[in-house]
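Survey of secondary and tertiary structure
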Amino acid sequence: MRIWQKIYFAVLLLFLLMLNAGLFLAAGFIFSYNMDQEQKKAETDSFFLCQNLGHDFTILGQNARFTEETAAQLFESYQRYYQSQGIELTLEKSGGSNSFEVRSTVQKGGGQIETYAKRSLKEPYEDYFIQYRKRLSEFEGIWRDLKRTFAVISFVMSVFLCVILYVWMRRILMPLGELNEGVAKIASGEYGIRVPFKNNTAWQRDEISELSQNVNKMSQMIQRQIGRLEEENEKKQQLMDNLAHELRTPLTSIYGYAEYAQFANAADEEKYEGLAYIMEESRRLVKMSETMLSMRLYEKEERIMLPVDLKMLAGHLEKILAPKLKEKNLTLKKEFAVETLYGEEDLFLALFRNLLENAARASREGDLIIWSVTQEEKIQTIEVIDFGIGMQKEDLGRITEAFYRIDKARSRQEGGVGLGLSIVDLIVKKMGGTLSFSSEPQKGTKVTIVFTTS
C-alpha cells in the first residue's frame with residue numbers, strides 16, 4: 001500500500017469517527033435540552049395542579065361537601081381539561097408522607113417518549129397524589145428526523161471528504177511519487193536524472209521539496225565523483241600506455257644491442273659502443289623509476305609550512321644546474337623580492353630544479369633564463385621565463401601529463417623522461433598553489449606559480 005493511501009485512509013477514518021461522534025453529541029445535546037424543558041413544564045404544571053386541586057378540596061371541606069365521590073368528580077374536570085392537551089392525569093390515595101418525582105422516559109429505542117411527574121397535595125390532603133403523564137409524540141418524530149438528518153449529513157460529509165481528501169492527498173504527495181521514481185532511476189545508474197520540484201512559494205517549500213533538492217545535489221555529486229573517477233582512470237590508463245611506450249624503446253634497444261653483442265662477430269670497438277648504449281638506456285630507465293617513485297612520495301606527504309631561505313636554495317640549485325647551463329652557455333638571472341619562502345625545502349628544490357631544467361632544455365645557445373619571486377600583501381608569485389623554442393597553444397593544456405613530450409626526439413636526446421612538469425604540478429597542488437603557463441612558438445615560455453601566504 002502506498003504511503004498516500006495509508007495517510008488517506010487514516011485521516012478519513014479519524015475524520016469520520018470525529019464527525020459521527022460530534023453529530024451524536026450534538027443530537028444528544030439537542031434532545032436533552034428539549035427534554036429538560038419538558039420536564040420543567042411537567043414540574044410547573046403538576047405544582048399548579050396540586051395547588052388548585054388542594055384549594056378546591058379546602059373549599060369543599062369548608063362547605064362540608066368533601067367526600068371521595070365529590071373529589072373524584074372534581075378531579076374529572078381537571079382530567080378532561082388536560083386531556084385536551086395530551087396530558088394524562090390520575091389521582092391516587094395512599095398512606096405515606098409528602099413526595100415529589102419528575103422524570104422522563106424514552107422507550108423502544110426512542111420510538112416512544114414521555115414525561116412523568118408525581119406530586120402529593122398539601123395538608124390536610126397529603127394522602128392524595130397526582131400522577132402527571134404526557135406523551136411527547138412530536139418529540140418522537142423530531143428525534144427520528146434528527147437521527148435521519150444527522151445520518152444524511154454524515155453520509156454527505158463522508159463522501160465530500162473522500163473526494164476532497166483524495167484529490168488533496170494526490171496533489172500534495174505527487175512530488176513524493178516523482179521523487180521515488182527519480183531515486184529509483186538514480187539507483188539504477190542514471191545519475192544525470194534530476195527530480196523536479198517546486199519551491200516558488202512558502203506553501204511549496206516543505207520537507208518533500210527539500211528532500212528533492214538534496215537528492216538532486218546527491219545525484220550531482222555522485223555524477224561529479226564518477227566523472228572524476230572516470231577521468232582518473234583514463235589518466236591512469238593513459239599513464240600506463242605512455243609508460244609502456246616509454247619502456248618499449250629503451251628495452252628494445254637494450255635487447256637488440258645485447259643480442260648483437262652475444263651472437264654477432266663484432267669488433268671490440270663495436271661491442272664497446274653497444275655496451276655504452278645499453279648503459280645509457282639503463283640509466284634512463286633507473287632515472288624514470290626514481291622519478292615515478294618520488295611522485296608517489298610527493299602525493300603521500302603532508303603539507304608542511306616551514307621557512308625556507310631562498311638565497312641558500314638558489315645557490316644549491318646553481319651548483320646542480322651549472323653543467324647544463326655551461327653546456328649551452330645559458331645565463332640564469334635571479335630577481336628575488338623576498339628572502340623567505342614557506343613550505344618544505346625538498347619540495348621547493350624539486351619544483352625549481354624541474355622548472356629550470358625544462359627552461360634549459362627549451363633554450364637555445366646563449367639564451368637568458370629569468371627566475372623571479374615577488375610578493376604583494378599575502379600573494380607570492382614565482383615566475384620562470386625562457387626565450388627558447390616555445391609551445392603551441394594546444395600543447396599548453398597537456399604538458400603536465402605524465403610522459404607527454406612536445407619534441408620526443410629532443411627530450412630523449414637531452415635525457416628527459418617526460419615527468420618533470422607532472423612533478424611540478426603535483427608539488428604546487430600539494431602546497432596549495434596554482435600553476436599556469438603562457439607560451440608562443442620561437443618566443444619562449446613563462447611559468448607562473450601563485451601561493452597565498454598567511
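Right, let's walk through the structure included here. (Residues numbered from 1 in each chain as written. Predicted model: local features only at pLDDT ≥ 70, side-chain atom pairs only at ≥ 80, totals over all residues. Heavy atoms only, no water.)

What follows deals with the nonpolar core. By size, the foremost hydrophobic cluster in this structure holds 37 residues, and its most contacted members are Phe-348, Leu-351, Phe-352, Ile-369 and Trp-371. Elements with a minimum of two residues in this core: α6 (310–327), α7 (345–362), β8 (368–376), β9 (379–386), α10 (420–430) and β11 (444–452). Examining the composition of this core, we find that 9 residues originate from one element, α7, more than from any other. Beyond its immediate chain neighbours, meaning those up to four positions away, Phe-352 contacts Leu-313, Leu-317, Leu-341, Trp-371 and Ile-382. (Core = buried A, V, L, I, M, F, W, Y, C linked by side-chain atoms within 4.5 Å. Buried < 20%, exposed > 50% of the residue type's maximum accessible area, 1.4 Å probe, protein only. Helix = DSSP H or I, 4+ residues; strand = E, 2+ residues; numbered from the N terminus. Contact = heavy atoms within 4.5 Å.)

With that settled, the discussion passes to the sheet that holds strand β10 (residues 434–440). Across the sheet, 5 strands lie side by side as β6-β8-β9-β11-β10; this open sheet has mixed pairing. Where the open sheet ends on each side, the last strands, each with one partner, are β6 (331–336) and β10. For this sheet, the mean angle separating the axes of adjacent strands, direction not counted, is 10°. Contacts from α7 reach β6, β8, β9 and β11 within the one sheet, and its direction differs from that of β9 by about 30°. (Pairing = 2+ DSSP bridges. Axes fitted to C-alpha atoms, helices over the stretch in contact; angles between N-to-C directions.)

As a further point, take the pairing of strand β4 (residues 128–135). For β4, a buried count of 6 out of 8 residues is recorded, marking the element as mostly surrounded by other parts of the structure. Pairing of strand β1 (residues 87–93) with β4 involves 7 bridges; the strand directions are antiparallel. Pairing of Glu-92 across the sheet is with Phe-129, part of β4. Summarising the sheet, strand β3 (residues 112–120) and β4 pair through 7 bridges and their orientation is antiparallel. Within β4, the residue paired with Arg-119 across the bridge is Ile-130.

This brings us to a nonpolar patch on the surface. Judged by side-chain polarity, Val-152, Phe-155, Val-156, Val-159, Val-163, Tyr-166 and Val-167 come together as a nonpolar surface patch covering roughly 640 Å² of accessible area. We classify Phe-155 as exposed; its relative accessible area is 57%. (Patch = residues over 30% accessible without salt bridge, like charges linked within 9 Å, V, L, I, M, F, W, Y side chains within 5 Å. Areas by Shrake-Rupley, 256 points an atom, 1.4 Å probe, with all protein chains shown as cover. Salt bridge = Lys/Arg side-chain N within 4 Å of Asp/Glu carboxyl O.)

What follows is about a negative patch on the surface. Residues Asp-309, Glu-339, Glu-345 and Asp-346 make up a contiguous surface patch of negative charge. By the element assignment, Asp-309 lies in strand β5 (residues 306–309). (Lys, Arg positive; Asp, Glu negative; His and termini not counted. Charge placed at Lys NZ, Arg CZ, Asp CG, Glu CD.)

Per the counting criterion, the structure on display carries 11 aromatic pairs. Measuring from ring centre to ring centre gives 5.1 Å for Phe-336 and Trp-371, while their planes differ by 80°; the resulting arrangement is edge-to-face. With Phe-336 in strand β6 and Trp-371 in strand β8, this residue pair connects regions lying 35 residues apart in the sequence. With 4.9 Å between their ring centres and 50° between their planes, Phe-352 and Trp-371 make a pair best called tilted. A residue pair is termed long-range when its members are at least 10 positions apart, and Phe-352 in helix α7 and Trp-371 in strand β8 qualify at 19 residues. (Phe/Tyr/Trp six-rings, centres within 6.5 Å; stacked < 30°, edge-to-face > 60°.)

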